[in-house]
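Chain and residue survey
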Amino acid sequence: MLSNYQKAYFLLSAADVKQLPPDEGIEIAIVGRSNAGKSSVLNKLTNNKGLARVSKTPGRTQLLNIFVLDETRRLIDLPGYGFAKVPLAAKLKWQKTIDEYVNSRASLKGLILVMDIRHPMKELDCQLLTFCSAIKLPVHILLNKIDKLSRGAVAATIKSVASLLTGYDNSVTLQGFSALKGVGIKELQTVLDKWYLYNT
């Protein structure tokens, strides 16, 4: 039997919030720095290697990519941010698009924030967390690429990041993850099931 997430299919790419489907139902968005492995997380979650395009060149996701789970639930892949080799004008446009989307969509119920566990809590990550805290939007952080570190280093980093999250007013949760190995997938699905109201 297919999981709720294996049913996901691509609907459209939008260059602007105005091009999105009607603002109803439940949307969860996935966001993160361009080199955090966001597309790989999406593909592992949906068990579909071709769903989100994985690029060797970070910063390729420049549009809002909309994936449909069913008539009332959508998964939104937001533009990656913060990669140094992208022109400043493009960076600013992506940042504006993310801010506008997060601030304006009534159907948005939570954000999955993907970070490379070797480079967590960069300036733009912290800005986004502050922004979400101000509008009381729940955030679940995936510290991706735990397969690149020893168990001890993973545990120490998770503990360190958790201590930094106490200053935010909204619900911020945290887990280790490996899109490569599939570690942490059940934990992620549990969070998403709650946000999508699959268990009610």
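Read on for a plain summary of the structure. (Residues numbered from 1 in each chain as written. Predicted model: local features only at pLDDT ≥ 70, side-chain atom pairs only at ≥ 80, totals over all residues. Heavy atoms only, no water.)

1. Structural notes on the overall build of the protein
If you tally the helices and strands in the protein, you get five helices and seven strands. Starting at the N terminus and walking to the C terminus, you meet the elements of the protein as β-β-α-β-β-α-β-α-β-α-β-α. Taken over C-alpha atoms, the radius of gyration comes to 16 Å for the protein, in line with the 16 Å a tight globule of 200 residues would show. Across its three principal directions, the C-alpha atoms of the protein cover 45 × 45 × 35 Å. Within the protein, the fraction of its 200 residues that count as buried is 50%. Counting contacts in the protein only where the partners sit at least 6 residues apart, residues at least 24 apart contribute 76% of the total. Surface exposure of the protein reaches about 10,100 Å², of which carbon and sulfur atoms provide 55%. (Helix = DSSP H or I, 4+ residues; strand = E, 2+ residues; numbered from the N terminus. Rg over C-alpha atoms; globule rule 2.2 N^0.38 Å. Buried < 20%, exposed > 50% of the residue type's maximum accessible area, 1.4 Å probe, protein only. Contact = heavy atoms within 4.5 Å. Areas by Shrake-Rupley, 256 points an atom, 1.4 Å probe, with all protein chains shown as cover.)

2. Side note on the nonpolar core
Core analysis: the biggest nonpolar cluster contains 33 residues, and Y101, L111, L129 and I141 have the highest contact counts within it. Here this core gets four residues from one element, more than from any other, and that element is strand β5 (residues 108-116). Residues in contact with Y101, not counting those within four places in the same chain, are V17, L20, E27, A29, L64, I76, L78 and L108. The next biggest cluster of nonpolar side chains, apart from the first, holds 26 residues, and it includes A36, V41, I112 and L188. (Core = buried A, V, L, I, M, F, W, Y, C linked by side-chain atoms within 4.5 Å.)

3. So, empty space enclosed by the protein
Enumeration according to the criterion identifies two cavities of 30 Å³ or more in this entry. Its boundaries defined by the atoms lining it, the largest cavity holds a volume of some 50 Å³. Secondary-structure elements contributing two or more residues to the lining of the largest cavity are α1 (38-46) and α5 (185-195). Take the lining of the largest cavity: its biggest share by element is three residues, from α1. Tallied by class, the residues present in the lining of the largest cavity amount to eight nonpolar, no polar and no charged. Computed from the structure, the second largest cavity encloses a volume of approximately 40 Å³. Lining the second largest cavity are A14, A15, Q62, L63, L64, P79, K93, W94 and T97. (1 Å grid on protein atoms, 1.4 Å probe; cavity = no way out; pocket = protein on both sides within 12 Å on 5 of 7 lines; lining within 4 Å. Points joined across faces, edges and corners; volume = space filled by probe spheres on them. Nonpolar A, V, L, I, M, F, W, Y, C, P; charged D, E, K, R; others polar.)

4. Details of the sheet that holds strand β7 (residues 172-176)
The seven strands are arranged β1-β3-β4-β2-β5-β6-β7 in an open sheet whose pairing can be described as mixed. Pairing within the sheet leaves two strands with one partner each, and these edge strands are β1 (9-14) and β7. With direction set aside, neighbouring strand axes in the sheet form an average angle of 20°. Against the sheet, α1 contacts β2 (26-32), β3 (64-70), β4 (73-77), β5 and β6 (139-144), and its axis sits at roughly 140° relative to β2. (Pairing = 2+ DSSP bridges. Axes fitted to C-alpha atoms, helices over the stretch in contact; angles between N-to-C directions.)

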